[in-house]
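Chains, contacts and geometry: an overview
Each chain is listed here by its residues.
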Amino acid sequence: MNNILLDEKVWFWVLLAIPAVLLLFFGLSLWKIRAQKRFTGDRELLQKLTPQRSRFKPALKIIVVCLAIAFLSLGLVNPKIGTKLETVKREGVDVVFAIDVSKSMLAEDIAPNRMEKSKQLVGQIINNLGSDRVGIIAYAGSAFPQLPITTDYSSAKMFLGSMNTDMLSSQGTAIKDAIELAKTYYDDEGQTNRVLVIVSDGEDHEGNAAAIAESATEEGIRIFTIGVGTEKGGPIPLKRNGVIQSYKKDQEGETVITKLDATTLKAIADEANGEYLDGTNTQEIVDNMKDNFNAMDKKEFEAKQFADFKDQFQWFIGAALLLLFLDIFLLERKTGWVSRLNLFNEKEKQVG
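Remember, it's a predicted structure, so these values are computed and weren't measured experimentally.

**Details of the overall build of the protein**
For the protein, the count of helices and strands is eleven helices and 15 strands. Across the 352 residues that make up the protein, the buried fraction comes to 38%. Considering only residue pairs separated by 6 or more positions, the protein has 83% of its internal contacts joining residues 24 or more positions apart. Put simply, the protein shows about 20800 Å² of open surface, and 56% of that area lies on carbon and sulfur atoms.

**Some points on the environment of Phe 97**
Structurally, the position occupied by Phe 97 is in strand 4 (residues 94–100). By relative accessible area, which is 0% here, Phe 97 ends up buried. For the pair Phe 97 and Leu 160, spaced 63 residues apart in sequence, the C-alpha to C-alpha distance is 9.8 Å. Discounting residues that sit within four places of it in the chain, Phe 97 has contacts with Val 122, Ile 125, Ile 126, Val 134, Gly 135, Ile 136, Ile 137 and Val 197.

**A look at the sheet that holds strand 4**
Strand order in the open sheet formed by six strands is 6-5-4-7-8-13, with mixed pairing between adjacent strands. For this open sheet the edge positions go to strand 6 (143–150) and strand 13 (275–278), each flanked by a neighbour on one side alone. Adjacent strand axes in the sheet meet at a mean angle of 15°, parallel and antiparallel pairs treated alike. Contacts from helix 4 (residues 114–127) reach strand 4, strand 7 (194–200) and strand 8 (221–227), with the element oriented near 170° to strand 4.

**A word on the environment of Val 197**
Here Val 197 lies in strand 7. Along the chain, Val 197 and Val 122 lie 75 residues apart, while their C-alpha atoms are 9.1 Å from each other. Dropping the residues within four chain positions of it, Val 197 is found in contact with Val 95, Val 96, Phe 97, Ala 98, Phe 224, Ile 226 and Met 289.

**Section: unusual backbone geometry**
The omega torsion across Ala 111 and Pro 112 is -10°, close enough to zero to call that bond cis. Here Pro 112 lies in the loop between strand 4 and helix 4. Its identity as a non-glycine residue notwithstanding, Asn 78 has a phi of 60°, on the positive side. Mapped onto the fold, Asn 78 is located in the loop between helix 3 (57–77) and strand 2 (79–82). In this structure, Asn 273 takes a positive phi of about 55° despite not being glycine. On the secondary structure map, Asn 273 appears in the loop between helix 8 (262–271) and strand 13.

**What about the pattern of salt bridges?**
Counted under the stated rule, the structure contains ten salt bridges. Across the salt bridge formed by Arg 133 and Asp 94, the nearest N and O atoms sit 2.8 Å from each other. Taken together, the residues Arg 133 in strand 5 (residues 133–139) and Asp 94 in strand 4 connect sequence positions 39 residues apart. On the basis of relative accessible area, Arg 133 is assigned to the buried category, the value being 13%. Across the salt bridge formed by Asp 166 and Lys 103, the nearest N and O atoms sit 2.5 Å from each other. Placement of Asp 166 in the loop between helix 5 (153–161) and helix 6 (175–183) and of Lys 103 in the loop between strand 4 and helix 4 is noted, with a sequence separation of 63 residues between them.

**A word on a nonpolar patch on the surface**
Among the surface-exposed residues, Val 10, Trp 11, Trp 13 and Leu 16 lie close enough to one another that they form a single nonpolar patch of about 480 Å² accessible area. Assignment of secondary structure puts Val 10 in the loop between strand 1 (3–6) and helix 1 (17–39).

**Brief notes about the confidence of the model for the protein**
Across the protein, the average pLDDT comes to 81, with 78% of residues at 70 or higher. Within the protein, the lowest mean pLDDT, 49, falls on helix 11 (residues 336–341), and the highest, 95, falls on helix 4. Across residues 343–352 the pLDDT falls below 50, and counting only partners more than four positions away or on other chains, this stretch makes one contact in the model.

**Comments concerning the side chain of Gln 146**
Relative to the elements of secondary structure, Gln 146 occurs in strand 6. Excluding residues within four positions of it along the chain, Gln 146 makes contact with Ile 136, Ile 137, Ala 138, Phe 159, Ser 162, Met 163, Met 167 and Tyr 185.

**A word on helix 3**
With 21 residues, helix 3 ought to run about 30 Å at 1.5 Å a step, and its terminal C-alpha atoms sit 30 Å apart, in line with that. Residues of helix 3 that are buried include every one of Lys 57, Pro 58, Lys 61, Ile 62, Val 64, Val 65, Cys 66, Ala 68, Ile 69, Ser 73, Gly 75 and Val 77, and no others. Looking one or two residues beyond helix 3, the residue adopting positive phi is Asn 78, at roughly 60°.

**So, the packing of helix 6 against helix 7 (residues 209–218)**
Two elements in contact, helix 6 and helix 7, have axes whose closest approach is 8 Å; the angle formed by their N-to-C orientations is 15°. By the criterion of interaxial angle, the relationship of helix 6 to helix 7 is roughly parallel. Here the hand of the crossing between helix 6 and helix 7 comes out left-handed. Along its contact with helix 6, which presents Ile 175, Lys 176, Ile 179, Glu 180 and Lys 183, the element helix 7 presents Ala 209, Ile 212, Ala 213, Ser 215 and Ala 216. When the residues that make up the contact of helix 6 with helix 7 are grouped by side-chain class, the tally is six nonpolar, one polar and three charged.

About the criteria used
Residues numbered from 1 in each chain as written. Predicted model: local features only at pLDDT ≥ 70, side-chain atom pairs only at ≥ 80, totals over all residues. Heavy atoms only, no water. Helix = DSSP H or I, 4+ residues; strand = E, 2+ residues; numbered from the N terminus. Buried < 20%, exposed > 50% of the residue type's maximum accessible area, 1.4 Å probe, protein only. Contact = heavy atoms within 4.5 Å. Areas by Shrake-Rupley, 256 points an atom, 1.4 Å probe, with all protein chains shown as cover. Pairing = 2+ DSSP bridges. Axes fitted to C-alpha atoms, helices over the stretch in contact; angles between N-to-C directions. Salt bridge = Lys/Arg side-chain N within 4 Å of Asp/Glu carboxyl O. Patch = residues over 30% accessible without salt bridge, like charges linked within 9 Å, V, L, I, M, F, W, Y side chains within 5 Å. pLDDT = per-residue confidence, 0-100. Expected span 1.5 Å × (residues − 1). Parallel < 35°, antiparallel > 145°, perpendicular 65-115°, else oblique. Left-handed = near helix turned anticlockwise from the far one by under 90°. Nonpolar A, V, L, I, M, F, W, Y, C, P; charged D, E, K, R; others polar.

Listed below in structure tokens is the structure:
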């Protein structure tokens with residue numbers, strides 16, 4: 001029995017173009033009928049003036065276009081077929097990434113800016129994982145679950161790429177909220193190989209993060225912190241269309257300078273049996289995290305996957321292109337050889 005998986009379901013929204021096309025077709029047809037009545041007022045005379053005009057072809061053309069849109073949507077969704085669903089045993093560590101998305105992460109004291117550097121770091125760590133499971137949390141003034149624990153690294157990197165400093169309305173840096181939310185990600189109470197990686201500039205506006213980290217240790221969570229930014233710091237640019245318009249200012253009108261608070265991040269890591277890492281060198285961080293994960297006891301878990309997965313998008317895209325090609329040559333006048341068949345025994349009336 002074949003199993004079907006839809007890769008990019010968001011492209012089903014393309015199907016909304018079909019009712020829009022149909023509405024446009026019926027509106028245009030109605031306008032044509034009214035215009036023709038005003039022009040002649042005699043339907044039989046109009047038929048004699050346009051003997052080669054087909055009443056069937058326009059409807060056929062719109063059906064072809066709608067089918068092409070439907071096939072295009074299915075192609076973009078990329079259905080995959082697997083011959084069977086298998087349950088495989090895997091061993092690994094559960095790694096949750098808590099990524100700071102506060103406005104201070106826009107500072108460009110580390111290239112290209114703190115936000116993009118954080119995403120690069122996490123992306124490279126994920127690329128070097130073995131069979132570990134990953135989850136993602138976004139936090140600023142509050143914490144928000146971005147991706148639950150999964151073995152799907154492609155989804156993890158997709159969600160990671162979409163993260164930005166505008167995704168949370170509440171601003172600030174509530175590290176303790178991210179730690180509290182991370183506790184809910186681990187579903188096995190007996191599991192000890194739990195890792196939380198906090199990627200931030202360390203500016204904790206609420207405090208008490210170290211105390212919360214200590215409580216996380218009691219639940220078997222090791223916390224690693226990665227500091228992104230410099231101690232010298234930098235201003236927070238306000239951009240429009242990628243161009244800097246000004247810099248963020250405080251209530252006194254002074255330009256805000258945001259600095260890396262490595263002390264807070266080190267305190268969190270120390271309390272949670274982890275390690276603080278400087279986010280400047282990507283390769284050093286990737287190697288360090290890889291060594292730490294490999295040294296941990298692995299937890300065996302089950303993961304379901306389709307065997308013999310095959311992409312099927314090419315068939316639907318091909319059908320859509322074929323229909324669009326057919327539509328180009330499908331004219332609105334009668335087909336000559338079909339007319340000559342005289343299927344309904346119709347006789348042309350003499351005009352006179």
